[in-house]
Amino acid sequence: MNVGLIGLGRLSHNYYKGLTDNKNFNLVAVCDKDEEAVGRKIYKDVPFYNSFFDMVHNVHLDYALVATPEFTHYGIVKFLLENNINVIVEKPLEMEKQKREELLALAERNNLVLRVLYHYQYAEEVLQFDKLFDKKKINKIKVLINNAYSSDGLNLDPQFYSLHGCYIDAGINVLSMLEKWLPLEEVELVDRKFISAENVKEPIYAKLDLIVDKVPVEIEIDWRIHSNEKITHMVYEGKPLEINHTKQEIKYDGKVHNFDEMERLTRHYYNFFKLFDGKSNLNEVRKVYQVINKFDSNN
Ligand SMILES: NC(=O)c1ccc[n+]([C@@H]2O[C@H](COP(=O)([O-])OP(=O)(O)OC[C@H]3O[C@@H](n4cnc5c(N)ncnc54)[C@H](O)[C@@H]3O)[C@@H](O)[C@H]2O)c1
C-alpha cells in the first residue's frame, strides 16, 4: 500500500521504524507546510511536498497518515476522503461533534477506511496484558498519567496549547485503552476535579472517579509535576496488579513481566503498523467521544 505522511512534527519520528520495517506499507511521500519541520531530517530520503494538495495530485496514495494538529484534521481528512484516499489519523479526530460525524459518514459512504490511531492500545504491556490475563477478572482500575507540560506547575507551556488540555489529550488515550478491557457501555460519574492552567482556560490537572460497566475506575492526569510516569494499578482477582507503561512492564503476584527495549512511543506505532487490519474504528471513536464529552469540565 502506498502511504503518504502529512505532518512532520514532534511525533513523526516515532512512525519511522514501524512504517519502514513493514512490507505492507510503502512510504512514497511526506508533507509538511513548514519546510523546516522537525521531523524532516529522518524522512530525508522520501519525496517531500509542502502542500498536501500537491502531494495527492502528484503521487498515487492508497493511504494517508495524518499527523497534523487536531484543528486541521477536518479539512485535511475531508479532502483525502473526497479524493478516494483511505485515512489513518492521529487522535483526537475532531472535537466538534457535527464535523466528526460528517467525516465518519463520509468514510462510510465512500467505502473508505477511516482509522483513528489510538496509540495507547498498541503499547506492548497493554497487548501482553490481553494475552496473559483475563479482562473479566479485573475488579478495579486506577490510571495515573503524568506529563511535564507545565514548567512552573501553574501555566501550560506554549508548545502544548494545541492539545486541548490534559483531559482531552490524555483522557482520550486512557479511554481508548480502557475500551479494550471494558465495553464503555454504562459509565457513571462518581466525582470529578479539574484544575485549569492560569494562562489558558484548559485543565492541567484532571481526576475522574467513574463506575465503568460496574468496575470502579479512577483516572488521574497531572501535567504540573516534572515527571512522565504512566501507570495503571488494578485489583485483579482480588490482588494488586501494576501495569507500568513507562517501563513497559507488568507486576503481579511477585512476578515482573518486562517486555521491551524499544522506546515506548516507537513501540506503540511499530505494533500499530504490524497489527493493522485495514479496518475503520468508527464505533470505537464514537464510544470514546461519548464518554470524554459527557464528563468534560465544560459540561
Ligand atoms: N506528540 C505526541 O507525543 C503525540 C502523541 C500522540 C498523538 N499526537 C497527535 O499527533 C498530532 C501531531 O502531534 P505533534 O506533537 O507531532 O504536533 P506538532 O505540532 O509538533 O506537528 C504538527 C506538524 O503538522 C504540520 N502542519 C500543520 N498544518 C499542516 C497542513 N495544513 N499541511 C501540512 N502540514 C501541516 C506543522 O507544520 C507541524 O510540523 C496531533 O494531532 C497530536 O494530538 C501527538
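Now for a quick tour of the structure. Given the structure is predicted, the values throughout are model-derived calculations rather than measurements. The residue numbering used here restarts from 1 in each chain and proceeds along that chain's sequence as written. For a predicted model such as this one, the threshold for reporting local features is a pLDDT of at least 70, and the threshold for listing and counting side-chain atom pairs is 80 or more; totals across whole chains, interfaces and linings nevertheless cover every residue.

Attention now moves to the pairing of strand β5 (residues 86-90). Across the five residues of β5, five count as buried, placing the element largely inside the fold. Buried means a residue has 20 or more other C-beta atoms within 10 Å of its own C-beta, exposed means 12 or fewer, and partly exposed covers the counts in between; C-beta atoms are placed from the backbone. Strands are runs of DSSP state E lasting at least two residues, helices are runs of H or I lasting at least four, and both sets are numbered from the N terminus onward. Burial along β5 is two-sided: N86, I88 and E90 and V87 and V89, pointing in opposite directions, are all buried. At least two bridges found by DSSP between two strands is the condition for calling them paired. Of the strand pairs in this sheet, strand β4 (residues 63-66) and β5 are connected by four bridges, and their pairing is parallel. Bridge pairing links V66 to V89 in β5. Taking the sense of rotation as the criterion, the β-α-β connection linking β4, helix α3 (residues 70-82) and β5 turns out right-handed. Crossover β5 to strand β6 (residues 114-117) through helix α4 (residues 97-109) is right-handed. We call a crossover right-handed when, viewed with both strands directed away from the observer, the connection leading from the first strand over the helix to the second proceeds clockwise.

The next point concerns the packing of α3 against α4. A fitted line through C-alpha atoms represents every axis, and for helices the fit uses only the stretch in contact; the resulting angles, taken between N-to-C directions, go from 0 to 180 degrees. In the contact formed by α3 and α4, the axes pass within 10 Å of each other and the chain directions differ by 15°. Overall, the two elements α3 and α4 adopt an arrangement that is roughly parallel. With respect to the hand of their crossing, α3 and α4 are arranged in left-handed fashion. Contacts between α3 and α4 involve Y74, V77, K78 and L81 on the former and, on the latter, K99, L103, L106 and A107. Classes in brief: Ala, Val, Leu, Ile, Met, Phe, Trp, Tyr, Cys and Pro nonpolar; Asp, Glu, Lys and Arg charged; the others, Gly included, polar. When grouped by side-chain class, the residues that make up the contact of α3 with α4 number six nonpolar, no polar and two charged. To sort the angles, those under 35 degrees are grouped as roughly parallel, those over 145 as roughly antiparallel, those from 65 to 115 as roughly perpendicular, and the leftovers as oblique. Each crossing is labelled by how the near helix is turned from the far one, with a counterclockwise turn of less than a right angle marking it left-handed and a clockwise turn marking it right-handed. With C-beta atoms placed from the backbone, a contact is any residue pair whose C-beta atoms sit within 7 Å.

Now for the sheet that holds strand β12 (residues 239-244). In spatial order, the strands read β8-β9-β10-β7-β11-β12-β13-β14; together these eight strands make up an open sheet with mixed pairing. Looking at which strands have only one partner, the edges of the open sheet turn out to be β8 (187-196) and β14 (255-258). Neighbour to neighbour, the strand axes of the sheet diverge by 10° on average, direction disregarded. Contacts from helix α6 (residues 165-178) reach β7 (138-146), β8, β9 (203-212) and β10 (215-222) within the one sheet, and its direction differs from that of β9 by about 30°.

Before going further, it helps to spend a moment on the sheet that holds β5. Taken together, six strands build an open sheet; the order of strands is β3-β2-β1-β4-β5-β6 and the sheet is parallel. Every other strand in the sheet has two partners, leaving β3 (48-49) and β6 as the edge strands with one partner each. Bridge count between strand β1 (residues 2-6) and β4: four bridges; the pairing is parallel. Counted as the bridge partner of V3 is Y63 from β4. Packing of α3 onto the sheet brings it into contact with β1, β4, β5 and β6, and relative to β5 it is tilted by some 165°.

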